[in-house]
Amino acid sequence: MEISDNGNSLHPEIAGMELSRRYYNEIGRPVIREMFPSYFDKIAAGLVGEGSECFGYDDRISRDHDFRASFCIWLPPKEYAEIGHEMQEAYNLLPIDFMGVRPKIQRPQADGRRGILNTESFYRNFLGPQGVPKTMGEWLKVPEHFLAVATNGEVFEDNLGDFTKIREKLLDFYPEDVRLQKIAARLITMAFSGQCNYSRMMRRHDVVAAHLALDEFIRAAISVVYLLNRKYTPYYKWMWMGLEKMERLTGVRKLLADIAAEGLSTGNWRTENWEKYQYELNSSDKVVNCIERICGLVIKELKEQGISNGTSDYLEEHAYAVKRCIKNESLRNLPILVS
């Protein structure tokens, strides 16, 4: 029942987020309201955090472990200390089968992702002891994929508003100077790895080094798309899928797919006169052309956002142009690759 029978489709009949919402509304909410009426106006409920279903990316492959109908209840620290354990015991008694979905492998590492949670502890688990970053330095210290996890999913209801208040602060995205620093770092990485070192490694027929350079370029290109869309970049295995939801730089995704499909071949590369540092790029090399087209789209977007006035088609110039837009002197003086 869980998976639609339509050939090789990986799509489940019901997405994890919708499953969670129904499970909460039909099973969880009535129990919480009946058993803990004096605390009901203090709870927030939803599905946010770790797990592909929180991003809306779950399919039948991802459901082979750590998946079941579930939801999160977040309580303020005081109320969590008072009633959290008892409420968790009630949660544990809820039926584990719902709408034909049955849990499979449940790893101990996934414990604590769902159920009754302390709002403060939930956010600090991803943000660190300081909670919501307040300074430029604090923003730079938090791994970006943690910010993506802390702000994904949906809040079904928030009767007190505390959970949503923190969530909205994070969804406001980075302070602009932090965003610019990160964009500059990604641009310099794209320039060095994709526009420069990939070609150099291919001239040497050093396919492994070329592969690493190309990987660096792809990661940086995806990250810069997120940053220019003011979205947090998720964990690496969801970076690509998330590009489907971007409003800006939509053409980059197809070009990256072409790069991945092309693979690496040394057949078209010339190595004559390498000691003079001269070489020719075969105009038919699809990977090189895709790299340059991606860089061209990024440059166009940088200019549309007013954060680069560079004239070169090489991204290094634009990286430093973006850096000069940073108003905070301390941040502007950081090495360009700090992000």
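This text goes with the structure placed above it.
Since the structure is predicted, the reported quantities are computational estimates derived from the model, not experimental observations.

Enquirer: Tell me about the pattern of salt bridges, and please be specific about residues and values.
Expert: Under the counting rule described, the total for this entry stands at 16 salt bridges. Linking Arg219 and Asp215 is a salt bridge whose minimum nitrogen-to-oxygen distance equals 3.2 Å. Taken together, the positions of Arg219 and Asp215, both in helix H9 (residues 207–228) and four residues apart, correspond to about one turn of that helix. Glu244 is the partner of Arg253 in a salt bridge, and the nearest nitrogen-oxygen pair spans 3.5 Å. Taking the relative accessible area as the measure of exposure, Arg253 reaches 21% and is therefore partly exposed. On the basis of relative accessible area, Glu244 is assigned to the exposed category, the value being 57%.

Enquirer: I'd love a proper account of the packing of H9 against helix H12 (residues 286–304), names of residues and values included.
Expert: At their nearest, the axes of H9 and H12 sit 11 Å apart, and the two run at 25° to each other. In terms of orientation, H9 lies roughly parallel with respect to H12. The two elements H9 and H12 cross, and the hand of that crossing is left-handed. Between H9 and H12, the contacting residues are Leu214, Phe217, Ala221, Val224 and Leu228 on the first element and Val287, Ile291, Ile294, Cys295, Val298, Glu301 and Leu302 on the second. Across the contact of H9 with H12, the residue classes tally to 11 nonpolar, no polar and one charged.

Cut-offs applied
- Residues numbered from 1 in each chain as written.
- Predicted model: local features only at pLDDT ≥ 70, side-chain atom pairs only at ≥ 80, totals over all residues.
- Heavy atoms only, no water.
- Salt bridge = Lys/Arg side-chain N within 4 Å of Asp/Glu carboxyl O.
- Helix = DSSP H or I, 4+ residues; strand = E, 2+ residues; numbered from the N terminus.
- Buried < 20%, exposed > 50% of the residue type's maximum accessible area, 1.4 Å probe, protein only.
- Axes fitted to C-alpha atoms, helices over the stretch in contact; angles between N-to-C directions.
- Parallel < 35°, antiparallel > 145°, perpendicular 65-115°, else oblique.
- Left-handed = near helix turned anticlockwise from the far one by under 90°.
- Contact = heavy atoms within 4.5 Å.
- Nonpolar A, V, L, I, M, F, W, Y, C, P; charged D, E, K, R; others polar.

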